[in-house]
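# Inside the fold
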Amino acid sequence: MRAVLYYRGALTSCNYDCPYCPFGKTRDSAERLAKDREELEAFVSWASAQGAEGHRLSIFFNPYGEALIHRWYKEAMITLANLNHIDKVAIQTNLSAGLDFTARLNPHKAAFWATYHPGQVTEQRFLAQCMAVYEQGIPLSVGSVGIRSSFEAIASLRAALPEEVYLWVNAYKDKPNYYTGEDIAFLSSIDPYFMLNARDYESLGKACGAGSSVFYVQGPGQVKRCYKDRRVIGNLYRDGLEGLSAERSCRMKVCDCYTGYIHMPELQLQQVYGAGLLERIPCGVREGKE
């Protein structure tokens, strides 16, 4: 079968301390980092063997915290991006880590979802990191959380990036009615798809690829439909993809997360993002330097 796997391991720490994010305020112990590495290596070993089972996989690493500052995530991306049965391996990252390893990635299979955190890194430094990925011809989307204090920084980054690099804005939803009409117009001028993310989608009882062809994997192999639905549907290593796959309607009242609602077929977001769905690159946007 053809499946999408989101992977999140034991990592819960970040090298940034953004005020709106809890994971910049923790530091993982050596034991926890060792556990994270062990679990990731087990996942890569399992994924590497799935070609022999006739499966094709797309994999997205979206950890709690920053993964690429740890060598084992770089090694995982290199391994997976060079396997024939892996269609894509993407990662959510702040791009603070060294990027020499990107030269060993297959640019036709690797992709980056890069998040800009004004106040944690200078625009000059972050832009240089984006350009290092871009110059390798590796697809990347770039984005930031749309809090008002970041508006000026987001606009400045948009002006500095190559036109063909898509910049998304995540709607800030912690405060109701946060945006004025003027705010929405401004953010939509930066990200033409901003309003897709600004709303929550009624999802209870509706069809979703989650649990059927899309699986959310935790480090020990526990699998959920999605990260918002806490019910465990099985174990990746015990049940395999065939044992896990079943049509399951959504159990949540609303879906407010990009990694969830993009898999709701009624929204038809495949038509918006096409092959760039996982890494959030809309159709018509050139995916990296040619």
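Residues numbered from 1 in each chain as written. Predicted model: local features only at pLDDT ≥ 70, side-chain atom pairs only at ≥ 80, totals over all residues. Heavy atoms only, no water.

Going by the annotation in an unreviewed UniProt entry, the name recorded for the protein is Radical SAM protein, with Paenibacillus sonchi given as the source organism.

### Looking at the overall build of the protein
Applicable threshold: Starting at the N terminus, helices and strands are each numbered in turn, a helix being any DSSP run of H or I of at least four residues and a strand any DSSP run of E of at least two. Radius of gyration: over C-alpha atoms. The globule rule applied is 2.2 Å multiplied by the number of residues raised to the 0.38 power. The cut-offs for exposure are 20% and 50% of the maximum accessible area for each residue type, with area from a 1.4 Å probe on protein chains only; residues under the lower value are buried, those over the upper are exposed, and the others partly exposed. Whether two residues touch is decided by their heavy atoms; if any such pair falls within 4.5 Å, the residues are in contact. Using a 1.4 Å probe, accessible areas were evaluated by the Shrake-Rupley method; residue-level cover was limited to the displayed protein chains. We score Asp and Glu as negative and Lys and Arg as positive, and we do not count His or the chain ends. Working definition for charges: the position is that of NZ of Lys, CZ of Arg, CG of Asp or CD of Glu.
In terms of regular secondary structure, the protein is built from nine helices and eleven strands. For a compact globule of 290 residues, the expected C-alpha radius of gyration is about 19 Å, and the protein comes in at 18 Å, within 12% of that figure. Over its C-alpha atoms, taken along the principal directions, the protein stretches across nearly 50 × 45 × 40 Å. With 290 residues in all, the protein has 55% of them scored as buried. If you take every contact in the protein between residues at least 6 apart in sequence, the share linking residues at least 24 apart comes to 67%. Looking at the protein as shown, the accessible area adds up to about 13100 Å², and 50% of this sits on carbon and sulfur atoms. With 32 positive and 32 negative side-chain charges, the protein shows a separation of 4 Å between the mean positions of the two kinds.

### Section: unusual backbone geometry
In this structure, Leu-95 is a non-glycine residue whose phi angle is positive, near 60°. Within the secondary structure layout, Leu-95 lies in the loop between strand S3 (86-93) and strand S4 (110-115). Judged by relative accessible area, Leu-95 falls into the buried class, the value being 2%. Despite not being glycine, Arg-280 shows a phi value in the positive range, around 70°. Position of Arg-280 among the secondary structure elements: in the segment after helix H9 (270-273).

### Some details on the nonpolar core
In summary, soluble globular proteins display a tendency toward joint burial of nonpolar side chains. Operational definition: What we call a nonpolar core is a set of buried Ala, Val, Leu, Ile, Met, Phe, Trp, Tyr and Cys residues that are connected through their side-chain atoms within 4.5 Å.
Judged by nonpolar contacts, the single largest core of 69 residues is most densely connected at Phe-61 and Phe-112. Looking at which element gives the most residues to this core, the answer is helix H2 (residues 71-81), with seven residues. Residues within four places of Phe-61 in sequence aside, it is in contact with Tyr-7, Leu-40, Phe-43, Tyr-73, Ala-76, Met-77, Leu-80, Val-89, Ala-90, Ile-91 and Gln-92. Listed in part, the 25 residues of the second largest apolar core include Val-4, Tyr-216, Tyr-258 and Met-264.

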